[in-house]
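Topology and contacts: notes
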Amino acid sequence: MKAKLKLRRVGKRAKQETSKVKASKGRRASKRAGGNWQDEVERVLITEEQIEQRIKTLAHAIERDFRGREMVVVSLLNGTVMFLADLMRHLNLPLRLDFLGVSSYGLGTESGELVYTKELRLDVRGRDVLLIDDILDTGKTLRHVLPKLRALKPRRVKICVLLDKPSRRVENVHADYAGFEIPDYFVVGYGLDFAERYRNLPFVGVLHPHVYKQGCKQICRK
Ligand code: PRP
């Protein structure tokens, strides 16, 4: 069955919707997330409610495609934590879960050299793998991870990402399931970080340029 889902575009309309909910939902989120995110996050791009709805749709599509198969979910650390947890609770399928630790140690907003911080422990040979990442940006991470995974001889690998930023792509990689297609904004929250901060925000927000222009050192001292 064709697995590719129609992307939910975060365009002009969605921006209007998010700006409408900014005041009320933003206040609620700030209490839970803690910290002074309003000074650093320019605006909410995708609300908690939008994420929740979209994840249910993604989960249904994945269920349809994987039904009857022995599924292994492979999630890339660290950015997938929230997306994975929310997606998994809607997957009504027998599955096993493992993590692959991969990080690009770049400066500021640019991705750099890839380093593996954790290897897989489960055997994926002959299995149907759902590879989960939080964002597909340049595609360098998945371009690196896919051959490594395919060398373990799974039956098939399908890619699921919460966010897709096609305008930044330098590698020929596409997601079979993608939550939201977004423009080239530097986004944080819902697992995504800048200098390891903001992962706990329950929404996806646009980081204020003054933050990433300061660089990691300034932020990390706070
Ligand atoms: C981020 C993100 C993706 C990758 C996408 O990972 O989680 O894995 O970048 O970028 P790309 O398509 O340009 O390769 P990061 O290395 O920042 O680690 P993290 O998941 O711990 O935040």
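What you see is a predicted model; the values in this text were computed from it and never measured.

Side note on the overall build of the protein
Scanning the protein from N- to C-terminus turns up 7 helices and 10 strands. Going through the 222 residues of the protein one by one, you find that 35% of them count as buried. In the protein, the share of contacts with a sequence separation of at least 24, taken over all contacts with a separation of at least 6, comes to 68%.

Focus: the site of the ligand
In the vicinity of the ligand, 16 residues are found, and the nearest of them are Asn 78, Gly 79, Asp 137, Thr 138 and Thr 141. At the level of elements, strand E4 (95-105), strand E6 (128-136) and helix H5 (140-150) are the ones that each hand at least two residues to the shell around the ligand. When residues in the shell around the ligand are grouped by element, the largest group, 4 residues, is from E6. Taken together, the residues of the shell around the ligand break down into 3 nonpolar, 8 polar and 5 charged.

Focus on the pairing of strand E3 (residues 71-77)
Moving residue by residue along a regular strand, the side chains alternate between the two faces of the sheet. With 6 of its 7 residues buried, E3 lies for the most part within the structure. Looking at chain direction, E3 and E6 are connected through 5 bridges and run parallel. From the neighbouring strand, Met 71 faces E6, where its bridge partner is Asp 128.

Section: H5
Along H5, the residues that are buried comprise Thr 141, Leu 142 and Val 145. What you see down the axis of H5 is that its buried residues fit within an arc of 80°, all on one side.

A look at the sheet that holds strand E2 (residues 41-46)
With antiparallel pairing, 3 strands are arranged side by side in an open sheet as E2-E10-E9. Taken across any chain shown, the strands that pair with only one partner, and hence form the sheet edges, are E2 and strand E9 (187-188). In terms of strand pairing, E2 meets strand E10 (residues 204-207) through 4 bridges, oriented antiparallel. Note on E10: the bridge partner recorded for Val 44 is Gly 205.

Details of the nonpolar core
Counting residues in hydrophobic clusters, the biggest one holds 53 residues, and the most contacted among them are Leu 130, Ile 132, Cys 160, Val 161 and Val 187. When residues no more than four places from it in sequence are discounted, the contact partners of Leu 130 are Ile 62, Phe 66, Met 71, Val 73, Lys 158 and Cys 160.

Some words on unusual backbone geometry
Note that the residue after Leu 77, namely Asn 78, is joined by a cis bond; omega there is 0°. Along the chain, Asn 78 turns up in the loop between E3 and helix H4 (81-88). If you check the backbone angles, Tyr 198 has positive phi at about 75° while not being a glycine. Structurally, Tyr 198 can be placed in the loop between E9 and E10. Under the C-beta neighbour-count criterion, Tyr 198 is labelled buried, with 24 such atoms within 10 Å.

About the cut-offs
- Starting from 1, residues in each chain are numbered consecutively following that chain's sequence as written.
- A pLDDT threshold of at least 70 governs which residues receive local features in this predicted model, and a stricter bar of 80 or more applies before side-chain atom pairs are shown or counted, although totals over entire chains, interfaces and linings include all residues.
- Numbered from the N terminus, helices here are DSSP runs of H or I no shorter than four residues, and strands are runs of E no shorter than two.
- Burial is judged by counting other C-beta atoms within 10 Å of a residue's own C-beta: 20 or more means buried, 12 or fewer means exposed, and anything between counts as partly exposed, with every C-beta placed from the backbone.
- Here the contact rule is simple: place C-beta atoms from the backbone, and any two residues whose C-beta atoms are within 7 Å are in contact.
- As a rule, any residue with its backbone-derived C-beta atom within 6 Å of a molecule or strand is reported as near that molecule or strand.
- Under the scheme applied here, ten amino acids are nonpolar (Ala, Val, Leu, Ile, Met, Phe, Trp, Tyr, Cys and Pro), four are charged (Asp, Glu, Lys and Arg), and all others, including Gly, are polar.
- DSSP-based pairing: two strands are paired if at least 2 bridges between them are found.
- Note: the arc covers the axis-to-C-beta directions of the helix.
- Think of a nonpolar core as buried Ala, Val, Leu, Ile, Met, Phe, Trp, Tyr and Cys residues chained together by C-beta atoms that fall within 7 Å.

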